[in-house]
Amino acid sequence: MVVLGVVLGFLAAFVGRWAAEELGGTHAVRAVVSESGSTITEAEHGPRTTYEVRAITEGRRVIELPVGGEFRRGEPVVARLSSLTGRVLSVRGVTAEVDVQHAWEKTVAMSLGGLLLVFGVVVVWRLRRPMSSRLGMFRAIPSFLAGVALAAFVVLTPIGFGKTGYDPTGRPDLEMWKYGREAGDPPAAGRGETVVAGELTLRVTGILPHPPEGAPAWLSDFRVLTLRIEATGLGDTPLKLSADAHGEPRHVEGCAGAPGAFDGRTGLVCFVVPPDYRPGYLLVGERDREAWLTL
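Residues numbered from 1 in each chain as written. Predicted model: local features only at pLDDT ≥ 70, side-chain atom pairs only at ≥ 80, totals over all residues. Heavy atoms only, no water.

### Side note on the sheet that holds strand 10 (residues 239-241)
Pairing between sheet strands relies on hydrogen bonds along the backbone, with the strands arranged either parallel or antiparallel. Strand order in the open sheet formed by three strands is 10-13-14, and the pairing between neighbours is antiparallel. In the strand order of this sheet, the two ends are held by strand 10 and strand 14 (291-294), each with one partner. With strand direction ignored, the average angle separating the axes of adjacent strands in the sheet is 25°. Looking at chain direction, strand 13 (residues 281-284) and strand 14 are connected through four bridges and run antiparallel. (Pairing = 2+ DSSP bridges. Helix = DSSP H or I, 4+ residues; strand = E, 2+ residues; numbered from the N terminus. Axes fitted to C-alpha atoms, helices over the stretch in contact; angles between N-to-C directions.)

### Description of the packing of aromatic side chains
Under the criterion given, the structure shown has two aromatic pairs. A centroid spacing of 5.7 Å and a plane angle of 85° characterise the contact between Trp 218 and Phe 222, whose relative ring orientation is edge-to-face. Judged by relative accessible area, Trp 218 falls into the partly exposed class, the value being 21%. For the pair Tyr 281 and Trp 292, a centre-to-centre distance of 5.7 Å together with 80° between the ring planes defines the contact as edge-to-face. Separated by eleven residues along the polypeptide, Tyr 281 in strand 13 and Trp 292 in strand 14 bring together distant segments of the chain. Take Trp 292: its relative accessible area is 10%, and that puts it in the buried class. Here the guanidinium or amino end of Arg 61 rests over the ring plane of Tyr 166, the centre of that ring lying 3.7 Å away. (Phe/Tyr/Trp six-rings, centres within 6.5 Å; stacked < 30°, edge-to-face > 60°. Buried < 20%, exposed > 50% of the residue type's maximum accessible area, 1.4 Å probe, protein only. Lys NZ or Arg CZ within 6 Å of the ring centre and 35° of its normal.)

### Topic: the sheet that holds strand 12 (residues 266-273)
Strand order across the open sheet formed by five strands is 7-8-9-12-11, with antiparallel pairing between neighbours. At either margin of the open sheet sits one strand with a lone partner, and together these are strand 7 (194-197) and strand 11 (250-252). Sheet twist, expressed as the average angle between the axes of neighbouring strands with direction ignored, equals 35°. Here strand 9 (residues 223-232) pairs with strand 12 via eight bridges, running antiparallel. The residue of strand 12 that forms the bridge with Leu 227 is Val 269.

### Points about the side chain of Asp 244
As for its placement among the helices and strands, Asp 244 is situated in the loop between strand 10 and strand 11. Here the side chain of Asp 244 touches His 246 through a polar contact of 2.8 Å, landing on its backbone nitrogen. For Asp 244, the side chain forms a polar contact with the main-chain nitrogen of Arg 278, separated by 3.3 Å. (Polar contact = N/O pair within 3.5 Å; in protein donor to acceptor, adjacent residues only side chain to side chain.)

Given below as structure tokens:
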């Protein structure tokens, strides 16, 4: 009965926590990926890759992200945590969103777990019938409840599977210069001037510290820098903001809706930037063939 209680207790605790997180609400936390590594080990069915991804939050805390290799070091992300348990439920970047709570493997496992839980309750209910006496049933119940309590303790407490997304032992030191690039040669154009590279010209006429009207709703969770630019001959030329000690900005394609969308000559261009980021330079072009514009 102890073993049966442990099995049903595990199922009940996992299913109950999953349901509670669905109903308990969430809150968003801005962060920058500070560590992104993987370890390959030999398993029974071939190599197995284990990812270790951590990020530094806006409040200078370390958070573990169960996202695999989706995000790079220095990338700004928004983690959505359960307001009830503090666990990471999803992580959003500029190019991808990883849904930890509704991953198909987890959904299948929870669905099967719920069915097994119902089946187990029926089995326990039927097991009480053949007992020779009421005393025998009362002796079995404490053992069963002890197993349930043990399983629930392992699943729900911080020392088991119930720990929050925060890592209290992590160091919130973030120095991202070595992952980005500092300006080498003097910028080709100063603040308010025009970058000229062959037939390409570009000038920044304004900077907004927020997403423009018509931007996707998910951008409101990030810190966004919006540039109003005038350009000729830009085409598909890449645009980047320089990295700084806080991380590396990411360009958001087509972030602005009408009437502010960039039309090839004028309009708004958006970048998701890390918390505490300070604008430095706009980089126009490919690596080693870039023009630098002071912002």
